[in-house]
Amino acid sequence: MQKILIVEDDVDIQDILKNHLIDAGYKAIVASNGVAGIAMFDDTIDLVLLDIMLPKLNGLEVLKRLRKGNIKTPVILLTAKGEIEDRVKGLDSGADDYLAKPFATEELLARLRALTRRQGEII
């Protein structure tokens, strides 16, 4: 069972994402801020769903720290910041994908499957 780390400060979105992931057969764990997200990350995490606008440490900084640590785990940024320059900045910061809120759960799950499929091929 693949393990997904959700780093999101909105409790309602946390619950929705966690429930959809569990229903789709994933194990989901949740962090409510950037510092907690980094602390909860370990080598058992298969993918990270990461909000950008987080308390304590924003998502782009979390992403940069993960990548500086040579962590190659796929990261999908989930954020309300949907302008082209925001998407480019997120992808250039090391994200593997970027999905602006609001989004369809079916699309998120498809993107998640695509990235974890690729991860399985690399390992």
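Refer to the structure above for everything that follows.
Worth saying up front: this structure is predicted, and the values here are computed from it rather than measured.

Colleague: Explain the overall build of the protein chain to me, using residue names and the numbers behind them.
Modeller: Of regular secondary structure, the protein chain possesses five helices and five strands. Going residue by residue from the N terminus, the α and β elements of the protein chain occur as β-α-β-α-β-α-β-α-β-α. In summary, the protein chain has a C-alpha radius of gyration of 13 Å against a globular reference of 14 Å for 123 residues, a match within 12%. When the backbone C-alpha atoms are referred to their principal axes, the protein chain occupies close to 30 × 30 × 25 Å. The burial tally for the protein chain puts 44% of its 123 residues in the buried class. Sequence separation of 24 or more characterises 60% of the internal contacts of the protein chain that already satisfy a separation of 6 or more.

Colleague: Give a detailed account of the pattern of salt bridges, specifying residues and quantitative values.
Modeller: Following the criterion strictly, the structure yields six salt bridges and no others. Taking the shortest distance from any N to any O, the salt bridge between K101 and E8 comes out at 2.8 Å. With K101 in the loop between strand 5 (97-100) and helix 5 (105-122) and E8 in the loop between strand 1 (3-7) and helix 1 (11-23), this residue pair connects regions lying 93 residues apart in the sequence. Each of E8, D51 and K101 takes part in one network of salt bridges that share partners.

Colleague: Explain a negative patch on the surface to me, and be specific about the residues and the numbers.
Modeller: A cluster of acidic residues, D9, D10, D12 and D15, forms a negative patch at the surface. Within the fold, D12 resides in helix 1. Residue class for D12 comes out exposed when judged on its relative accessible area of 56%.

Colleague: Please give an account of the pairing of strand 5 that cites residues and values.
Modeller: Neither face of strand 5 is exposed, since D97 and L99 on one face and Y98 and A100 on the opposite face are all buried. Pairing of strand 4 (residues 75-79) with strand 5 involves four bridges; the strand directions are parallel. Its bridge partner being in strand 5, L78 is matched across the sheet by L99.

Colleague: Which residues make up the side chain of K3, and what are the values?
Modeller: By the secondary structure assignment, K3 is in strand 1. Of the side chains bearing the opposite charge, D42 lies closest to the buried K3, which forms no salt bridge; the N-O distance is 4.3 Å. In this structure the side chain of K3 is engaged in a polar contact, spanning 2.9 Å, whose partner is the side chain of T44. Those residues in contact with K3 that sit more than four places away from it in its chain are K27, I29, D42, T44, I45, D46 and L47.

Colleague: Tell me about the sheet that holds strand 3 (residues 47-50), and name the residues and values.
Modeller: Taken in spatial order, the five strands make up an open sheet running 2-1-3-4-5, and their pairing is parallel. If you trace the sheet from one side to the other, it starts and ends with strand 2 (27-31) and strand 5, each paired once. Neighbour-to-neighbour, the strand axes of this sheet turn through a mean angle of 20°, independent of strand direction. Across four bridges, strand 1 lies against strand 3 in parallel orientation. What sits directly across from V7, in strand 3, is L50. The strands that helix 3 (residues 59-68) touches are strand 3 and strand 4; relative to strand 4, the one it contacts most, it runs at about 175°. Docked against the sheet, helix 4 (residues 84-92) engages strand 4 and strand 5, running at close to 150° with respect to strand 5.

Procedures and definitions
Residues numbered from 1 in each chain as written. Predicted model: local features only at pLDDT ≥ 70, side-chain atom pairs only at ≥ 80, totals over all residues. Heavy atoms only, no water. Helix = DSSP H or I, 4+ residues; strand = E, 2+ residues; numbered from the N terminus. Rg over C-alpha atoms; globule rule 2.2 N^0.38 Å. Buried < 20%, exposed > 50% of the residue type's maximum accessible area, 1.4 Å probe, protein only. Contact = heavy atoms within 4.5 Å. Salt bridge = Lys/Arg side-chain N within 4 Å of Asp/Glu carboxyl O. Patch = residues over 30% accessible without salt bridge, like charges linked within 9 Å, V, L, I, M, F, W, Y side chains within 5 Å. Areas by Shrake-Rupley, 256 points an atom, 1.4 Å probe, with all protein chains shown as cover. Lys, Arg positive; Asp, Glu negative; His and termini not counted. Charge placed at Lys NZ, Arg CZ, Asp CG, Glu CD. Pairing = 2+ DSSP bridges. Polar contact = N/O pair within 3.5 Å; in protein donor to acceptor, adjacent residues only side chain to side chain. Axes fitted to C-alpha atoms, helices over the stretch in contact; angles between N-to-C directions.

Purely spatial values, then, with no claim about function.
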